[in-house]
Amino acid sequence: MPLETFKSSRPLTLGVELELQLVSLSDFDLVEASPDMLHLLERKRFPGNVVPEITESMIEVSTDVHTNHGELLSQLHRIRDSLVQAGDMLNVGVCGGGTHPFQRWSERKIFSKPRFKQVSGLYGYLAKQFTVFGQHIHVGCASGDDALTLLHSLNRYIPHFIALSASSPYFQGSDTLFNSARLNSVFAFPLSGRAPFLLRWEDFARDYFERMEDTGIVKSMKDFYWDIRPKPEYGTIELRVCDTPLTVDRAAALACYLQALCCYLMEGIEPAPAEDDYLVYNYNRFQACRFGLDGAMVHPKRHEPVTIRDDVLATLRLIEPYAETLGAQAAIEHVRRAAQEGNDASFLRRERQGTGSPEGMVDAAIRRFREGCA
Amino acid sequence: MPEFLTDIAELVWPFSIALAWVLGELVHRIAGLPRITVYALTGFVLSHSQAGLLPLPGESAAMLIANIAFGLILFEFGYRINLRWLRANPWIAASGLVESAATFAAVFAAAELFGMAALPAMLLAALAIASSPAEILRVVNEQRSSGQVTERALHLSALNSIIAAFVFNIIVGLWTFQHSGSLLGAVSNSIVLLAVSGGLGVAFGFAVPGLLRRLGTLGRDATIAFAVAVIFLCSIAQALNMSPVLAALAFGFVARHRRVTLGQAQRNFGALGDLLTVLLFVFIGATLAWPRIASGIGIALAILGARLVAKTAAVVMFARVSGTTWRKGLLTAVALSPMSVLVLAMLVRTREMGIDLMDQLAPLAAATLFLAIAGPLLTQWAVKLAGESAEKEE
């Protein structure tokens, strides 16, 4: 099956997907609650979309297509309220965070659905190890060519999104010293990493996708676990590096940071992306995962080191006018505060210290998720 | 020669435990029966009353160890109960109250129908309210099950056990009053027991986390710390002639709600819990005597039938409104089947008040034996049918 044509969509429209944790309020471990949650949520109209994920202790929600921060945030609030309400009925806590700090992957159950069973059969323990929680942001693009150009222009900003969203310092019971340990689980997959450097959709479809398909390794775009990938059936590019933040407010702010950034990049002020930009890509990504906002990244063109925090703050100043036209000032302000005050990973480490237990940290994450809940 | 005989007698318990464990593993693997069912059956067959191998349970040194084993299970049980859920979803609490009342009424009616006197019938009905937390928790852990049937069975079992203990104590008070005429003696006995045992547990619930925090061992696994504390607590309670299981339950409750200061503990207390469970259920099986069972079997079956129907009707009635499906409501009710008299017998220590439950409530022995086998099986069956047990990965 050849790669489908890239469906044109309105530039800079937004959609957000969040993978969330289902936690037992009895012992704060992950709990196999998604069948029960989905059952209960079916009874009322859900203010968005909700689907199962690969293991039964995860649930994925997504928003409609939005053009501005206010609408997006308000839908995310309604989605959160519905989830919290359903969770309360079932003794289930819903929360963000890229990993659950002390769950054991071997305890997880694969959700009963053919695709999940098939993935689990292929990847073995990697599938259960993949009980990690990410935020995916879709940005609409007019054409496939636009999508690929934008995708590669974003390469140097990937560390920003990793560092700002990072919320997975603990994994399988231990402090990993990373800010985002979740991405290490993603890197284990053979088709993870970055998209090949092709800027025209036709070339991508013919010179890459078709050839990969001929090898029999992939059947659709779904089989690629890239940091950003084009999604032709939606007419979007999908940023996949973010950990699910602890609050939907941060999720909305990150989405609108991306939106304003894309708006700026589409102006063509920055030099065009080049294959050589990717020389520093993996190093910068590691720095962001390991050290978060304190990480030191290397500018892909000037080859100068700069801390991720400073680079985020400088970028915010650059894109502020674009954010204003998009109605995303509040989001920009939120991101600036996050860059200055620290990400969710540092919040979680503080809670771990303060409460003295991993359970206390999960409890804090649950309370943070429901803050401001109706 | 006599010396040699004493040595043999000391081998009886280790031998029974070894046999029960081997049988438990075999039967669990071949027939899929819950291990605790096999342990209880082994104890029953080897007991003083049947094969005559084991000494009378109440007279043996195994009593303290059984109490500790029970204490560990009940501590873990208390630690898993989230009282805030009952506030967030009041339908769960309503379901528990109605289910308890219905069970009491149905069992009382059935017992009277069989010609039991009012007071014993009420005692029996009070005991029938409780679903044994120990059996349910063991099956849940053995199956590694999680989901609504599991959660609800655990929480409803906590609720109905507390209600049963409360109702039972009131009736025992009445009973004692009728026999002795002393109202004060009747009431004070059970109140002192409840207050002191509970108070001990609560004190531990505050002190142990505080101590752990001082020691700075919070980051590490707290399994051993809790196990040591439970063993200590149960020994104190037994030495004071109080109820070790009640103290352990209260300890678990309090420790849980001060959870933020606690580290993780292994399910079942790891290998230690598994080991003591073998002993506990052999011990439980050994308390039963066949002649009593035979005499009460007809009425026992009627009572169990009434109990199952009452629990099912009441739990199913609240299933949908409390946020689950009719089917899961039904399975929750089935999962609540286990009934263990020993919990309450230990809890209220009626024998010291001159009431021997097993003697005076003949159907109880039969019901206990029947449910020692069938109860865990029904619970296991319910969580499996609900799709909540972990897939087998051998």
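Refer to the preceding data block for the structure.
What counts, and at which threshold
Residues numbered from 1 in each chain as written. Chains lettered and ligands numbered in written order. Predicted model: local features only at pLDDT ≥ 70, side-chain atom pairs only at ≥ 80, totals over all residues. Helix = DSSP H or I, 4+ residues; strand = E, 2+ residues; numbered from the N terminus. Buried ≥ 20, exposed ≤ 12 C-beta atoms within 10 Å, placed from the backbone. Contact = placed C-beta atoms within 7 Å. Pairing = 2+ DSSP bridges. Axes fitted to C-alpha atoms, helices over the stretch in contact; angles between N-to-C directions. Left-handed = near helix turned anticlockwise from the far one by under 90°. Nonpolar A, V, L, I, M, F, W, Y, C, P; charged D, E, K, R; others polar. Core = buried A, V, L, I, M, F, W, Y, C linked by C-beta atoms within 7 Å.

Caption draft 1: Structural detail: the overall build of chain B. Within chain B one finds 18 helices and zero strands. Each of the 394 residues in chain B was classed as buried or not, and the buried ones make up 56%. Taking all contacts inside chain B whose residues are at least 6 apart in sequence as the whole, residues at least 24 apart take part in 82%.

Caption draft 2: Representation of the pairing of strand β11 (residues 236-243) of chain A. All names here are of chain A. Counting buried positions along β11 yields eight of eight residues, so the element is predominantly enclosed. Relative to β11, strand β5 (residues 134-140) is paired through six bridges, and the arrangement is antiparallel. Its bridge partner being in β11, Gly140 is matched across the sheet by Thr236. Counted along the chain from strand β10 (residues 228-231) to the antiparallel partner β11, the turn is four residues long, and its residue Gly235 has a positive phi close to 70°.

Caption draft 3: Representation of the environment of Arg84 of chain B. Among the secondary structure elements, Arg84 of chain B is positioned in helix α5 (residues 83-88). Arg84 of chain B sits 19 residues away from Ile65 of chain B along the chain, and the two C-alpha atoms are 33 Å apart.

Caption draft 4: Spatial organisation of the packing of helix α6 (residues 90-113) of chain B against helix α7 (residues 118-129) of chain B. All names here are of chain B. Between α6 and α7, whose axes approach to 8 Å, the crossing angle comes to 140°. Considering how the two elements wind past one another, α6 and α7 form a crossing that is right-handed. Seen from α6, the contacting residues are Ser100, Thr103, Phe104, Val107, Phe108, Ala111 and Glu112; seen from α7, they are Ala121, Met122, Leu124, Ala125, Ala126, Ala128 and Ile129. For the contact of α6 with α7, the residue count by class is eleven nonpolar, two polar and one charged.

Caption draft 5: Quick look at the nonpolar core. Counting 125 residues, the largest nonpolar core has Val107, Val230 and Ile303 of chain B as the members making the most contacts within it. Looking at this core, the element that brings in the most residues is helix α9 (residues 148-180) of chain B, giving 13 residues. What Ile303 of chain B contacts, discounting residues up to four positions off in sequence, is Val107, Ala110, Ala111, Leu124, Ala128, Pro363 and Ala367 of chain B. Core analysis: the second largest hydrophobic core is formed by 102 residues, Val16, Leu40, Leu239 and Cys256 of chain A among them.

Caption draft 6: Looking closely at the interface of chain A and chain B. Listed by partner, the interface residues are 24 residues for chain A and 24 residues for chain B. At the level of elements, α1 (34-41), α2 (69-90) and α14 (358-370) of chain A are the ones that each hand at least two residues to the side of chain A that touches chain B. For the side of chain A that touches chain B, the element with the highest residue contribution is α14 of chain A, accounting for four residues. Tallied by class, residues from the side of chain A that touches chain B come to eight nonpolar, eight polar and eight charged.

Caption draft 7: Main features of helix α15 (residues 326-335) of chain B. The buried fraction of α15 of chain B is high, at seven of ten residues. Listed as buried for α15 of chain B are Lys328, Gly329, Leu331, Thr332, Ala333, Val334 and Ala335 of chain B.

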